[in-house]
Amino acid sequence: MSTTDEPVESALGCRPREVLDIVGDKWSLLVVRHLRDGPRRFTELKRGIDGISQRMLTVTLRSLERDGILTRTVHNVMPPNVSYELTPMGATLREATAHLLRWSNEHLALIDAARAEYDARTAQPG
């Protein structure tokens, strides 16, 4: 860490880490990414995010709503329809993390290969 960051770090304590915990969990950035083109219903998000359970999607959406990253809108139709949409702050989060998500996609094959190589190397006796 550079010396110019130290006063900010000590003044803020661990607060930046709290934000990083929010956006760095396993699902939050994927939810934010899927909301980039506008409002989505729960079922659309569930279908679009591979591997997320209904419970985990619910927990993630509630957390992001609590933190002001997205809004939840209940439409009074039969049956009731709920949609989720990024707030202006959520849109800035999406912009800030778009490069990280792109990097992740571009390097998946290399990461898989490195993991396989490491696992093979460490599994051998000696």
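Residue numbering note: each chain is counted from 1, following its sequence as written. Note on the predicted model: pLDDT of at least 70 is required for a residue's local features to be given, and 80 or more for side-chain atom pairs to be given and counted; whole-chain, interface and lining totals, by contrast, use all residues. For the side-chain quantities, the full set of heavy atoms in the structure was used; hydrogens and water were omitted.

Visitor: Account for the side chain of S28, naming residues and giving values.
Guide: Within the element layout of this structure, S28 appears in helix α3 (residues 28–34). Every residue pair with non-hydrogen atoms within 4.5 Å of one another is taken to be in contact. Residues contacting S28, with those up to four places away along its chain left out, are I22, V23, T60 and L64. A helix here means a DSSP run of H or I that spans at least four residues, while a strand means a run of E at least two residues long, and both kinds are numbered starting from the N terminus.

Visitor: Report on the nonpolar core, specifying residues and quantitative values.
Guide: If you look at soluble globular proteins, the nonpolar side chains tend to sit buried side by side. Each nonpolar core is a collection of buried residues, namely Ala, Val, Leu, Ile, Met, Phe, Trp, Tyr and Cys, held together in the definition by side-chain atoms within 4.5 Å. Whether a residue is buried, partly exposed or exposed follows from its accessible area with a 1.4 Å probe, protein chains only, as a fraction of its type maximum: under 20%, in between, or over 50%, in that order. In terms of nonpolar packing, the biggest core is built from 19 residues, with V31, L35, L57, L61, L70 and Y84 touching the most fellow members. Secondary structure elements with two or more residues in this core: α3, α4 (42–48), α5 (54–66), β3 (81–86) and α6 (88–123). Apart from the residues lying within four places of it in its own chain, the contact partners of L57 are V31, F42, L45, K46 and I52.

Visitor: Kindly report on the pairing of β3, identifying the contributing residues and their values.
Guide: Direction of pairing for strand β1 (residues 40–41) relative to β3: antiparallel, over a ladder of two bridges. Looking across to β3, one finds that R40 is bridged to Y84. For two strands to be treated as a pair, DSSP must find at least two bridges joining them. When strand β2 (residues 70–75) meets β3, the two strands line up antiparallel, connected through six bridges. Bridging from a neighbouring strand, T73 pairs with S83 of β3. If you look at the hairpin formed by β2 and β3, you'll find five residues sitting between the two strands.

Visitor: Got a sec to walk through the environment of H34? Specific residues and values, please.
Guide: Mapped onto the elements of the fold, H34 is located in helix α3. As for H34 and L45, which are separated by eleven residues in sequence, their C-alpha atoms are 6.8 Å apart. In contact with H34, not counting residues within four places along its chain, are R40, L45, G48 and I49.

Visitor: An account of the pattern of salt bridges is needed here, citing residue identities and associated values.
Guide: Salt bridges are counted wherever a side-chain nitrogen of Lys or Arg sits within 4 Å of a carboxyl oxygen of Asp or Glu. What the rule picks out here adds up to two salt bridges. Across the salt bridge formed by R121 and E117, the nearest N and O atoms sit 3.6 Å from each other. With R121 and E117 both in helix α6, this residue pair falls four residues apart, about one helical turn.

Visitor: A description of the sheet that holds β3 should follow, citing residues and the corresponding values.
Guide: Read from one edge to the other, the open sheet built from three strands follows the order β1-β3-β2, with strand pairing classed as antiparallel. Where the open sheet ends on each side, the last strands, each with one partner, are β1 and β2.

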